[in-house]
Amino acid sequence: MVKPEEILRSGPNQYICREGILEDLSPFLQSFRSPVAVTGYKSFEAFQNYTSLPSNVEVYQHDGYSTDTAIEKISQFASDADVIIGIGGGVMLDTAKSVADKLGLEVITIPTVVGTCAAATPLSVIYNDEGAFARVDYHFRTIHLNLVDPTFLLSSPIDYFKSGIADSLAKWYEAEAIIRNRKRNDLSIMVKVGLDHASYIKDILLEDSNAAIESMETNTVSISFTRVLEAVIPLAGTVGGYAGKYGRMSGAHAVHNGLSFIDETHSILHGQKVAYGILVQLLLEARTEEVKDLLPFYKSLDFPINVKDLNITKEQKQAMKIVAAHTIKPEESLRFIKAFEENDVIEAIERLEVLTDER
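Every value quoted in this text rests on a predicted model; they were computed, and no experiment measured them. (Residues numbered from 1 in each chain as written. Predicted model: local features only at pLDDT ≥ 70, side-chain atom pairs only at ≥ 80, totals over all residues. Heavy atoms only, no water.)

(A) Highlighting the packing of aromatic side chains. Tallying each qualifying case throughout the model produces seven aromatic pairs. Ring centres 5.1 Å apart and planes at 35 degrees place the aromatic pair Tyr50 and Phe152 in the tilted group. With Tyr50 in helix α1 (residues 42–50) and Phe152 in helix α4 (residues 150–153), this residue pair connects regions lying 102 residues apart in the sequence. With 5.5 Å between their ring centres and 40 degrees between their planes, Phe161 and Phe225 make a pair best called tilted. Taken together, the positions of Phe161 in helix α5 (residues 158–179) and Phe225 in helix α7 (residues 223–243) put the pair 64 residues apart, joining distant regions of the chain. Neither residue differs from the other here; Phe161 and Phe225 are each classed as buried. (Phe/Tyr/Trp six-rings, centres within 6.5 Å; stacked < 30°, edge-to-face > 60°. Helix = DSSP H or I, 4+ residues; strand = E, 2+ residues; numbered from the N terminus. Buried < 20%, exposed > 50% of the residue type's maximum accessible area, 1.4 Å probe, protein only.)

(B) Just the nonpolar core, in detail. Of all hydrophobic cores here, the largest spans 98 residues; its most connected members are Ile110, Phe161, Ile165, Tyr276, Ile278 and Tyr298. Residues contacting Tyr298, with those up to four places away along its chain left out, are Leu169, Ala275, Ile278, Leu279, Phe303, Pro304 and Ile305. Ile74, Ala81, Ile84 and Ala96 belong to the second-largest nonpolar core, a separate cluster that totals 15 residues. (Core = buried A, V, L, I, M, F, W, Y, C linked by side-chain atoms within 4.5 Å. Contact = heavy atoms within 4.5 Å.)

(C) Molecular detail of the pairing of strand β5 (residues 106–111). Burial analysis of β5 places five of its six residues in the buried class, the great majority of the element. Pairing geometry for strand β4 (residues 83–88) and β5, over six bridges, is parallel. Counted as the bridge partner of Ile87 is Ile110 from β5. Following the backbone out of β4, through helix α3 (residues 90–103) and into the adjacent parallel β5, one traces a crossover that is right-handed. Relative to strand β8 (residues 145–148), β5 runs parallel, the two sharing two bridges. Among the inter-strand pairings, Ile108 is bridged to a residue of β8, identified as Leu145. (Pairing = 2+ DSSP bridges. Right-handed = clockwise from strand over helix to strand, strands pointing away.)

Below you can see the structure in the form of structure tokens.
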């Protein structure tokens, strides 16, 4: 039987990136009679400050993680809907996609931040009620429509933008680690396309991220800003879509998932924890020089480079042990690189502490 992650998914059924595209949503909803929007509080406030929903759209505002409890509750509210509209960041979009999947409906995604590729990928990261990572759900349908408005996103929080850059940067380092020991000739064309996309994303982010952030600071839509937001949202989603099991999460996200079990890190954005995970993964692979090469870029964007940057200031050794114990679990994505022991991860974290102290 074919596993969901082995199915090629090129991206949303429809994708539009255009300045002002959100100013009038009614043309996109003409074929639906009972739309329900799933959104947060801050995200919906930002959305309403820019535009509005047609009067026939019911709104459910969710405050929390994408959990089974929330998905069930929202699904009951939206039981008569014929389309779900997700408005928000990664958590809200993942929640909306899961509700749509549960109800067997199409989903429209409208990102309010440039934080992850969630607006373009047919999967959801699910957490437990305490906010710890639980699993990834792959959905039956691709996204019906993804609307990206650069003008709207220009005023979104810069911290989320930086988080999206970090999360997307991991696409290359995680995918490349999975396929490194395989001969390129053994990989399908689609896997190679996914890997090429990951490399292209890395190049865009390293070249344009600082200029893109400057665009946000000056409130000016620039080529660099649009390049980075499209690298983060639609393009990043195609890495796993084309490469399948060779383009999925591996070491960096496994470290992120381990960090989710440390309460102090819950205030740290997803991509920031993934950024830290990239460095730990590289040290697990004994790629110290690549870590050194990345550190100036990390510092320019204020990415976390040690446990203190993750708000872990007390009982650091115990925190390292908790993270490591989860990271090496058989069901975790680190296994896609190779098998590691708990001490391997702890030692990599400790080496990163020493390395960053030296710089």
